[in-house]
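In case you want the letters, here they are:
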Amino acid sequence: PPSICNWTRTSHHITNRVAFMLAFSMTWGSCLVMIIITSLAFTLKVTFNNDSKPMICLFGGTGFQGGAAIAKLVELGHPAQQITAFTRNPSSLQAQVLASSGVNVVRGDISSVETVEPHMKLCQWLFLVTFTDFSGQQVEQKQGKAMVDLAEKSGVRSIVFSSGARTGFPFMDAKAEIEAYIRSKRFEYVAFVQTGFFYENLIFKGGQQRFWYDSGSKTITLSSPFPPNGSVPMHSAHDVGVTAANLISTAIQQRERRYGSNKDSHRTLDAAKNKPVQSHTVRLVGDVVSGEEYAARLFEACQRDRQCHYTVLQVSYAQMTLESLRRIIPGRSGEMIADMYDSVINKGALDHLHTPDALAWARSTAPETQSLCEWLRDSGVQTLLALISDKQ
């Protein structure tokens, strides 16, 4: 730079020719070194700021979906330091445990763009999880679209969204509306993990136990509005995160093969944006079971677990009436959920998703989704025992 090199012109005052040449060569040599260092530093800064390593950001990092996604990403070789987890409460125990593993845990509330925006600028890959809203004010849809807009504004390349198939119920179709909105944008890559009824829902939901346990007879009673012999497609919430992580990791690898290594990707970003959007849709179905079959498999799993074998001697299933559901969940939310179950059970509202062809297609999109027995073996039984222990 001129400010560094201009002073060398004073060397003409040195009368000794040898000294003059020595000073001249040493000074310009120093200038050359400084220029090289400055140029290298600038190059490194550009590379780091743009794409030194792919930064993966996600919502729900302390929940089942986000937590499973983080664990799977690390397992697939993505360093925890390259993962940012948004959470409403970074000081919570779950958040602190996550941060101790090396994950960048930051405050980011999906209902507040201001809390997310500073961190979104560093994101290249985003796993978006929204939360079902029963207020009738389209809160979930508004929040999801706001995050999509922010991602687009911040230069996020790709989004994987925890979505849902269209059902005909406005509060359930918010995810389908957000999915359609994402498809209207020009991200490099978008993927949608369409979710359904979770295995977890019969054991706990929203932090609340969903079964009855009699410590005297050591019996468990499961309950839901579905008839005892009515088969329902299910999967685990854990598999949503695992599937999202697999999609993100595969997309990153494909991008690197297509455009080169990470250090060169800032040169290919503009070109990549001009490519047609790539999209991928997965619908999760791990098992199709009735309430009675769920109870039977839970009992079998307990018999194979040493602790559960002595804690649970019987498991049964009882159908919950819609009137009971309305009492358990008072207000507008209870009415909306009860009406949904009524439409599904008595009017076949979701039959189009449960045909043999629909289920076969779903299983083909995510063949590694856990069966009920696999989920019970890996985490379901231990979750059940933990809930029983907390009540005693």
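Before reading on, note that the structure itself is shown above.
Everything numeric in this text was worked out from a predicted model, so none of it was measured.

Quick notes on the rules
Residues numbered from 1 in each chain as written. Predicted model: local features only at pLDDT ≥ 70, side-chain atom pairs only at ≥ 80, totals over all residues. Heavy atoms only, no water. Pairing = 2+ DSSP bridges. Helix = DSSP H or I, 4+ residues; strand = E, 2+ residues; numbered from the N terminus. Disulfide = S-S within 2.5 Å. Buried < 20%, exposed > 50% of the residue type's maximum accessible area, 1.4 Å probe, protein only. Axes fitted to C-alpha atoms, helices over the stretch in contact; angles between N-to-C directions. Contact = heavy atoms within 4.5 Å. Expected span 1.5 Å × (residues − 1). Right-handed = clockwise from strand over helix to strand, strands pointing away. Polar contact = N/O pair within 3.5 Å; in protein donor to acceptor, adjacent residues only side chain to side chain. Parallel < 35°, antiparallel > 145°, perpendicular 65-115°, else oblique. Left-handed = near helix turned anticlockwise from the far one by under 90°.

A. Region of the structure containing the sheet that holds strand 14 (residues 287–289). With mixed pairing, the three strands of this open sheet are ordered in space as 7-12-14. Of all strands in the sheet, those bounded by a partner on one side alone are strand 7 (197–198) and strand 14. Inspection of the sheet shows strand 7 paired to strand 12 (residues 232–235) by two bridges, in the parallel sense. Paired with F198 across the two strands is H235, which belongs to strand 12.

B. Focus on the state of the cysteines. Taken as a whole, this structure holds two disulfides when the rule is applied. Covalently, C57 is tied to C123 through a disulfide, its sulfur atoms 2.0 Å apart. Residues C57 and C123 are joined by a disulfide whose S-S torsion is about -90°; by sign, that bridge is left-handed. In this pair, C57 is assigned in strand 1 (residues 56–59) and C123 in the loop between helix 5 (113–120) and strand 4 (125–128), connecting sequence segments 66 residues apart. Between the sulfur atoms of C302 and its disulfide mate C308 the distance is 2.0 Å. There is no split in this pair, since C302 and C308 are both buried.

C. Structural view of the sheet that holds strand 10 (residues 211–214). Spatially, the three strands line up as an open sheet ordered 10-11-15, and their pairing is mixed. The strands lining the two open edges of the sheet, one partner per strand, are strand 10 and strand 15 (314–319). Taken over all neighbouring pairs, the strand axes of this sheet differ in orientation by 20° on average, direction set aside. Packed onto the sheet, helix 10 (residues 291–304) meets strand 11 (219–224) and strand 15 and runs at close to 165° relative to strand 15. Of the strands in this sheet, strand 10 and strand 11 touch helix 15 (residues 372–391), which is tilted by about 60° from strand 10.

D. Layout of helix 13 (residues 331–347). Between the first and last C-alpha of helix 13 there are 23 Å, a value that for 17 residues agrees with the 24 Å anticipated at 1.5 Å per step. Listed in full, the buried residues belonging to helix 13 are G334, M336, I337, A338, M340, Y341, S343 and V344. Contacts from the buried residues of helix 13 go to strand 7 and helix 12 (322–328). Phi turns positive one or two residues past the end of helix 13, at G348, with a value near 65°.

E. Quick look at the environment of A69. Within the secondary structure, A69 sits in helix 3 (residues 64–75). Sequence-distant contacts of A69, that is, excluding residues within four places in its chain, are made with L58, F127, G241, V242 and A245.

F. Representation of the pairing of strand 4. Alternating residues of strand 4 divide into W125 and F127 and L126 and L128, and every residue in both groups is buried. Direction of pairing for strand 1 relative to strand 4: parallel, over a ladder of three bridges. Its bridge partner being in strand 4, L58 is matched across the sheet by F127. Remark: the strand 4/helix 6 (residues 139–154)/strand 5 (residues 158–164) crossover connection has right-handed handedness.

G. Spatial organisation of helix 6. Counted at 1.5 Å a residue, the expected span for helix 6 with its 16 residues is 22 Å, and the 22 Å between its end C-alpha atoms agrees. Those residues of helix 6 that fall on the buried side of the exposure criterion are E140, Q141, Q143, G144, M147, V148, L150, A151 and S154. Residues of helix 6 that are buried in the fold lie against strand 1, helix 5, strand 4, strand 5 and helix 7 (174–183). In the stretch just after helix 6, G155 is the one whose phi turns positive, near 85°.

H. Representation of unusual backbone geometry within the structure. Residue K218 is not a glycine yet carries a positive backbone phi of 55°. By secondary structure assignment, the location of K218 is in the loop between strand 10 and strand 11.

I. Structural detail: the side chain of E179. As for its position among the elements, E179 is in helix 7. A polar contact of 2.6 Å, which involves the side chain of E179, links it to the side chain of S163. Within the structure, the side chain of E179 is placed 3.5 Å from the side chain of Q194, a separation counted as a polar contact. Look past the residues within four positions of E179 in its chain and what remains in contact with it is F161, S163, G164, F192 and Q194.

J. Looking closely at the packing of helix 3 against helix 8 (residues 237–259). Their axes nearest at 7 Å, the elements helix 3 and helix 8 cross at an angle of 45°. With respect to helix 8, the axis of helix 3 lies oblique. As for the relative orientation of helix 3 and helix 8, their crossing is right-handed in sense. Contact residues: F64, Q65, A68, A69, K72 and L73 in helix 3; A237, H238, V240, G241, V242, A245, N246 and I248 in helix 8.

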